[in-house]
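# Commentary on secondary and tertiary structure
Now for the letters of each chain:
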Amino acid sequence: MDETTTPPAGAGIRQLLLALGEPAIDLVAAPGGLEDIEVCDVAILDADEEPESYRTHLVLIIGARGRRALRLARAAARRGAAAVVVKMDPDDDRETLKELSEDTGTVVLGIRPEVRWAYLDSLVRDVIADARRAGEPESAERPADLFALAETVAALTGGNISIEDATSRVLAYSRSDEGVDELRRRSILSREGPAHYLSLLREWGVFERLRAGGEVVRVEERAELGIRRRLAIGIRVQDQWLGSIWVQEANGPLSDTAEQALVGAARAAALLLVRHRTGTPSDLQVEEALLGRMLDGHIDPRTFAARIGAELTKPAAVVAFALTDLARPDSAPTGSAPGGPASTGSSPSGSAPVGDSAAADRPAFELRRAEMTSLVTVHAGAFRRRALVAAGGSRVYLLLPGLPEGAGEGIVAGLAGDIVRSAEQRLHLDVRAAVGSVVEGLDSIAASKTEADQVLGVITHRGDRCVATIADVRSEVLVSETLALLEQHPRLRDPRISALLAHDREHESGLVPSVLAYLAAQFNMRAAARLLHLHTNTLRYRLKRAETISGIDLTDPHQCLFAHLQLLLETETVPVRDASHTSSYGH
């Protein structure tokens, strides 16, 4: 680099130390302090090389120890290095290195012998890249997905959330109206952790534990310092530490599932931070699109498995989620049986998902679906590392690949139940979940998705179950599939039933609900009358009137069977399989 050229933005030495962390790296000497020293690039100086210009570089002295390292470090310092790094044991003599630092004004850092130079080089470059992005427009620095994730985790934990990168710079945080301590307040205002507090956290070993693995770290309250109780977890991809998620206890205790929520959130945040760091915001959308096309059978599961890193031959399952209208009719219209004909204009799926009326309030629907998607992502991340979530139309789909051998629908239904309860308790969302059967591998996953859609159609219509598997509603699903076949063939209609329906629409005589209730009660006159809140003589008269108008014989089992099916279809009493959820994803 030419000496007159302004170097690109970089990372401060303090940021590097926070990201690299003790005990792997140690500050040997900084004669001028750390505040104004910026590192814009990394250079490697080998024992056999001639030093060049290292203006604003962090120079790694490799292949040399002792006096030879000292000679190279001094040469790099004289050529403009912002800092030099040498390998040293804890008991090595530091005095000569401190003298070098005093003479040249260069920061000297020491790393342990077991730390690989390639790892250090990669990590420093990542920190510099993160620091450069900090100067970009706010939309690039603070991705909206991270804020949505923070809000979801806040709802699940009952605390105040912040998501930080490896240098303790605040990337996203949840809304917090009360119970904010001094550390959180100052961190959000300055968008990074205050130096004094960060020093204390390092002294207490918090950062070391965060870097060590995926366990939740507890930080007890320090009232004298203005620090409330916290939980934290590191965000990692393999051996690389990308940042951390913090939950600060507000005015009340954290939820019992706070630690589990943090584990799932860390896995969800890892992908978001990789996208943020690499500048490829479309990666997740690509995986979501691939998931949808794979579930519909439009792309090869083998290609999909290779793309997301899943094992093709391990058990897998799909869970489908839908938001439902909170105002669900509790009873049928007067003179109709519960489960009788729906009122005019009702959806074929009965209690309709919010998405079916989304045109009236699209922004509200999109917001609620985003909240549900984020909630499913956090729970699924704690359950299965390679879980993948995607929204499609009014539904959200969860793919659980790589399940243990012998896993059944019960364990998946348990996860779905946890998600539905959290949605209600934490986000005040009314959600239904349908579990597709566990299949032998991703080759068969489209069948699991189709089954989940079938089950979801039934339970959103009935409203008496929040979570179900095919075993819970198999008969209803089979009837729904039969009605779908009947709907596809208009010629399969009994004109006598069509005439009865036309008469009822014109005269509002209540004959169709009466016939439906009678058939549903398996020809039990008293039971059907109770369903309709009618006297048995009134019901008997209506049935005779229906036979007279239509010409059907309600004592003939074959006529009754087809009459029942056609009435269920024409009155939309039972949900008919929605082809949009089995042949076209996301529209």
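Residues numbered from 1 in each chain as written. Predicted model: local features only at pLDDT ≥ 70, side-chain atom pairs only at ≥ 80, totals over all residues. Heavy atoms only, no water.

## Re the overall build of the chain
For clarity, the threshold we go by: Where helices and strands are cited, they refer to DSSP runs of H or I of at least four residues and of E of at least two residues respectively, numbered from the N terminus. When accessible area is computed with a 1.4 Å probe and restricted to protein chains, residues below 20% of their type maximum are described as buried, those above 50% as exposed, and intermediate ones as partly exposed. Every residue pair with non-hydrogen atoms within 4.5 Å of one another is taken to be in contact. Computed by Shrake-Rupley with a 1.4 Å probe, the accessible areas treat only the displayed protein chains as cover when residues are assessed.
Counting its secondary structure elements, the chain contains 22 helices and 17 strands. Looking at the chain as a whole, 51% of its 587 residues qualify as buried. Sequence separation of 24 or more characterises 67% of the internal contacts of the chain that already satisfy a separation of 6 or more. Total accessible area on the chain is roughly 27,200 Å²; 49% of this is exposed by carbon and sulfur atoms.

## Thoughts on the environment of valine 512
Relative to the assigned elements, valine 512 resides in helix H18 (residues 511-520). Looking at valine 512, the relative accessible area reads 4%, which means it is buried. With 10 residues separating them in the primary sequence, valine 512 and alanine 502 have C-alpha atoms 9.9 Å apart. Ignoring sequence-local partners within four residues, the contact set of valine 512 consists of Leu500, Leu501, Asp504, Leu567 and Thr571.

## Considerations on empty space enclosed by the protein
One water molecule sets the probe size; rolling that probe over the atoms shows where empty space is left. Note the cut-off: Of the two site types, the cavity is a set of points on a 1 Å grid over the protein atoms alone where a 1.4 Å probe fits but cannot get out, and the pocket is an open set with protein on both sides within 12 Å along at least five of seven lines, each lined by residues with an atom within 4 Å of a point. Grid points are joined across faces, edges and corners, and a volume is the space filled by probe spheres set on the points.
A complete count under the given rule lists four cavities of 30 Å³ or more for this structure. Put simply, the largest cavity is a space of about 120 Å³. Ser162, Glu164, Leu183, Ser187 and Arg230 are the residues nearest the centre of the largest cavity, which is lined by 14 residues in total. Counting only elements with at least two residues in the lining of the largest cavity, the list comes to strand S8 (160-165), helix H7 (182-190), helix H8 (195-203) and strand S12 (240-248). If you tally residues by element for the lining of the largest cavity, the top one is H7, at four residues.

## Considering the environment of isoleucine 552
Tracing the sequence through the fold places isoleucine 552 in the loop between helix H20 (536-550) and helix H21 (557-570). The class of isoleucine 552 is buried, set by a relative accessible area of 5%. The sequence separation of isoleucine 552 and leucine 500 amounts to 52 residues, and the corresponding C-alpha distance is 9.5 Å. Contacts of isoleucine 552, omitting those with residues within four sequence positions, involve Arg496, Ile497, Glu547 and Gln559.

## A word on the side chain of glutamate 249
Examined against the element boundaries, glutamate 249 turns out to sit in the loop between S12 and helix H10 (258-278). Relative accessible area serves as the criterion here: at 19%, glutamate 249 is assigned to the buried category. Setting aside chain neighbours within four positions, we find glutamate 249 in contact with Gly179, Arg228, Arg229 and Leu254.

## Considering the confidence of the model for the chain
In plain terms, the rule: Summary of the metric used: pLDDT quantifies the predictor's per-residue confidence within the range 0 to 100.
Averaged over all residues, the pLDDT of the chain equals 79, while 82% of them reach at least 70. The low-confidence segment residues 326-360 (pLDDT under 50) makes 57 contacts with residues lying over four places distant or belonging to another chain. Below a pLDDT of 50 lies the segment residues 582-587, which in the model reaches 18 contacts outside its immediate sequence neighbourhood of four places, other chains included.

## Structural notes on the side chain of aspartate 494
Looking at the secondary structure, you find aspartate 494 in the loop between helix H16 (474-487) and helix H17 (495-507). For aspartate 494, a relative accessible area of 15% puts it in the buried group. If we ignore the near neighbours within four places in the chain, the residues touching aspartate 494 are Phe562 and Gln566.

## Here we look at the packing of aromatic side chains
As a reminder of what qualifies: In summary, the pairing rule links any two rings of Phe, Tyr or Trp, Trp by its six-membered ring, whose centres are within 6.5 Å, and it sorts them by plane angle into stacked for under 30 degrees, edge-to-face for over 60 and tilted for everything else. When the NZ atom of lysine or the CZ atom of arginine is within 6 Å of a ring's centre and also within 35 degrees of its normal, the charge is said to sit over that ring.
Following the criterion strictly, the structure yields three aromatic pairs and no others. Aromatic side chains phenylalanine 207 and tryptophan 241 sit 6.5 Å apart centroid to centroid with 65° between the ring planes, which places their arrangement in the edge-to-face category. Of this pair, phenylalanine 207 sits in helix H9 (residues 206-212) while tryptophan 241 sits in strand S12, and the two are 34 residues apart along the sequence. Both rings, one in tyrosine 518 and one in phenylalanine 523, keep their centres 5.5 Å apart while their planes meet at 70°; by these two values the pair is edge-to-face. Residue tyrosine 518 is classed as buried on the basis of its relative accessible area of 12%. Relative accessible area serves as the criterion here: at 42%, phenylalanine 523 is assigned to the partly exposed category. Sitting above the plane of the tryptophan 204 ring, arginine 222 keeps its charged end 3.9 Å from the centroid.

## Considering the sheet that holds strand S4 (residues 41-46)
Our working definition: At least two DSSP bridges between two strands are needed for those strands to be called paired. Under this scheme, a helix contributes an axis fitted over its contacting stretch, all axes are lines through C-alpha atoms, and angles between N-to-C directions fall in the 0 to 180 degree range.
Strand order in the open sheet formed by five strands is S2-S7-S6-S5-S4, with mixed pairing between adjacent strands. Lying at the two open borders of the sheet, with one neighbouring strand each, are strand S2 (25-29) and S4. This sheet shows a mean twist of 25° between the axes of neighbouring strands, independent of strand direction. In terms of strand pairing, S2 meets strand S7 (residues 107-111) through four bridges, oriented antiparallel. Note that in S7 the partner of alanine 29 across the bridge is valine 108. Of the strands in this sheet, S4, strand S5 (57-62) and strand S6 (83-87) are in contact with helix H2 (residues 66-78), which crosses S5 at around 160°.

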